[in-house]
Amino acid sequence: MTVLVTGAAGFIGMHVTEALLARGDRVIGLDNLTAYYDPALKRARLARLESRSGFTFLPVDVADRAAMLPLAVRHTEVTRIVHLAAQPGVRHSLVDPFAYVEANVMGHLVVLEMARRMPRLGHLVYASSSSVYGANRRLPFTETDRVDHPVSLYAATKRAAELMSESHAHLFGLPQTGLRFFTVYGPWGRPDMAPWMFAEAILAGRPITLYEGGRLKRDFTFVEDIVAGVLGCLDRPAPAQAPRILNIGNHRSEEVRRFVAVLEHALGRKASIVDAPRPATDVEETFADISAIAALCGFAPRTPIEDGVPRFAEWYLSWRKGG
Ligand SMILES: NC(=O)c1ccc[n+]([C@@H]2O[C@H](COP(=O)([O-])OP(=O)(O)OC[C@H]3O[C@@H](n4cnc5c(N)ncnc54)[C@H](O)[C@@H]3O)[C@@H](O)[C@H]2O)c1
């Protein structure tokens, strides 16, 4: 199989690409290495991928339709797409809202328009987010819940992408699966996400801010479990006119302060904790109902935070030392 992976230099993109290469697929990776967080980390991920056979990199902005649409005729060998490129981060969407619409709405539309022109494409799997559940209170979050109240623009752009995928499936028969990721963490993670920021502060002796005393709950999902689910879905194309949307999470919601306690243990240092009220962009709890993805591909997350956090910490310490 030849798989086009957008956002290949990103956290999840690198892991998905490595797993595809490991099983013998060819991968065309696409990324524009945005400076939202240190591009050196993206280049380091890319260097790992470029050392493997079967990998080709294209430095392209997914929202650039003049660059993207010709890929449909230039790369007729593509049979699958994993679309992960996006402007992530809920809080930053207050700072630079336009970046979110450009990458996540225009970018998604351009990927759909490219995809429907690809002659051999059998399935497009794309990243959505648990943030679409917004202020919903009924737990666990289930795919049939209404998702009309996003509490960040990031969430609104992810929901907009899901809706565009619906219309493209209906109009053009494009087989698609949207995956709502729940707080992914692990080696090669993102510097703007809590595990990295906590580890950095703990090691520097700086205080960390926990909202509501760390009582907010997150369905932390280890990246290897995510990769298994992405590949499991990719291999099972959705019916052309009936696109799927599936949760992909750990199905174990943990208090953030417990996550921090496991991290303190892994780093061998105590955190100094500052309490703050929950920002308006952040939800109280995320908790995934994963029965649909389990039924589709046997998805069963295997990594509790007691195993995943030390693996993240070990990688983080070596990255900090210079690789
Ligand atoms: N990590 C999580 O916990 C999480 C949770 C929910 C959803 N997601 C979604 O999963 C996907 C992957 O997230 P991630 O954590 O790996 O983030 P990431 O930022 O590490 O990876 C995204 C990659 O996309 C690239 N990119 C951004 N805009 C682009 C553009 N216009 N054109 C081409 N490339 C572009 C970035 O340079 C980056 O390398 C994203 O769609 C994100 O919204 C992630």
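Here's what I pulled together on the structure shown here. This is a predicted model, so every value here is computed, not measured.

### Structural notes on the sheet that holds strand S11 (residues 244-248)
Point 1. One open sheet holds the 7 strands; their spatial order is S3-S2-S1-S4-S5-S6-S11, and the pairing between them is parallel. The open sheet has two free edges, formed respectively by strand S3 (55-59) and S11, since each of these has just one partner strand. Mean inter-strand twist for the sheet, computed between neighbouring axes without regard to direction, equals 20°.
Point 2. Sheet topology places strand S1 (residues 2-6) next to strand S4 (residues 80-83); 4 bridges connect them, and they run parallel. By the bridge assignment, Val3 is partnered in S4 with Arg80.

### Concerning the packing of helix H7 (residues 194-204) against helix H11 (residues 305-320)
Point 1. Interaxial distance between H7 and H11 falls to 11 Å at its minimum, and their mutual angle equals 60°. Accordingly, the angle class assigned to the pair H7 and H11 is oblique. Seen along the crossing, H7 lies across H11 with a hand that is right-handed. Contacts between H7 and H11 involve Pro195, Trp196, Ala199, Glu200, Leu203 and Ala204 from the first element and Phe312, Trp315, Tyr316, Leu317, Trp319 and Arg320 from the second.
Point 2. Tallied by class, the residues present in the contact of H7 with H11 amount to 10 nonpolar, no polar and 2 charged.

### Notes on the pairing of S1
Point 1. In terms of residue burial, S1 counts as a mostly covered element, since 5 of its 5 residues are buried.
Point 2. Relative to strand S2 (residues 26-31), S1 runs parallel, the two being bridged by 5 bridges. From the neighbouring strand, Val5 faces S2, where its bridge partner is Gly29.
Point 3. With helix H1 (residues 11-22) bridging S1 and its parallel neighbour S2, the resulting β-α-β unit is right-handed.

### Here's the deal with the site of the ligand
Point 1. Every one of the 29 residues lining the ligand counts as a neighbour, but Asp31, Tyr37, Tyr154, Lys158 and Val184 are closest to it.
Point 2. Contact distances for the ligand include 2.8 Å between a nitrogen atom and a backbone N or O atom of Val62.
Point 3. Computed on the free molecule, the ligand has an accessible area of 810 Å², of which 97% lies beneath the protein chains in the complex.
Point 4. Broken down by secondary-structure element, the contributors of at least two residues to the shell around the ligand are H1, strand S5 (123-129) and helix H6 (153-172).
Point 5. Counting residues per element, the shell around the ligand draws most heavily on S5, at 3 residues.

### Things to note about the packing of H1 against helix H2 (residues 39-50)
Point 1. Where H1 meets H2, the axes come as close as 10 Å, and the angle between the chain directions of the two elements is 5°. Taken together, H1 and H2 sit at an angle that is classed as roughly parallel. Listed contacts from H2 to Phe11, Met14, Thr17, Glu18 and Leu21 of H1 are Arg45, Arg48 and Leu49.
Point 2. The residue makeup of the contact of H1 with H2, split by class, is 4 nonpolar, 1 polar and 3 charged.

### Describing empty space enclosed by the protein
Point 1. Inspection of the entire model under this criterion finds 2 cavities of 30 Å³ or more.
Point 2. Looking at the largest cavity, its volume works out to about 60 Å³.
Point 3. Around the largest cavity, the lining residues are His83, Ala85, Ala86, Ala103, Asn104, His108, Tyr126, Ala127, Lys158 and Ala161.
Point 4. The greatest single-element share of the lining of the largest cavity, amounting to 3 residues, is contributed by helix H5 (residues 97-115).
Point 5. Looking at the lining of the largest cavity residue by residue, the classes come out as 6 nonpolar, 3 polar and 1 charged.
Point 6. In this structure, the second largest cavity spans a volume of roughly 50 Å³.
Point 7. Lining the second largest cavity, in full, are Phe11, Val184, Tyr185, Gly186, Gly189, Arg190, Met193, Pro195, Trp196 and Phe312.
Point 8. At the level of elements, strand S7 (184-185) and H7 are the ones that each hand at least two residues to the lining of the second largest cavity.
Point 9. Taken together, the residues of the lining of the second largest cavity sort by class into 7 nonpolar, 2 polar and 1 charged.

The rules behind these values
- Residues numbered from 1 in each chain as written.
- Predicted model: local features only at pLDDT ≥ 70, side-chain atom pairs only at ≥ 80, totals over all residues.
- Heavy atoms only, no water.
- Pairing = 2+ DSSP bridges.
- Helix = DSSP H or I, 4+ residues; strand = E, 2+ residues; numbered from the N terminus.
- Axes fitted to C-alpha atoms, helices over the stretch in contact; angles between N-to-C directions.
- Parallel < 35°, antiparallel > 145°, perpendicular 65-115°, else oblique.
- Left-handed = near helix turned anticlockwise from the far one by under 90°.
- Contact = heavy atoms within 4.5 Å.
- Nonpolar A, V, L, I, M, F, W, Y, C, P; charged D, E, K, R; others polar.
- Buried < 20%, exposed > 50% of the residue type's maximum accessible area, 1.4 Å probe, protein only.
- Right-handed = clockwise from strand over helix to strand, strands pointing away.
- Near = heavy atom within 4 Å.
- Polar contact = N/O pair within 3.5 Å; in protein donor to acceptor, adjacent residues only side chain to side chain.
- Areas by Shrake-Rupley, 256 points an atom, 1.4 Å probe, with all protein chains shown as cover.
- 1 Å grid on protein atoms, 1.4 Å probe; cavity = no way out; pocket = protein on both sides within 12 Å on 5 of 7 lines; lining within 4 Å.
- Points joined across faces, edges and corners; volume = space filled by probe spheres on them.

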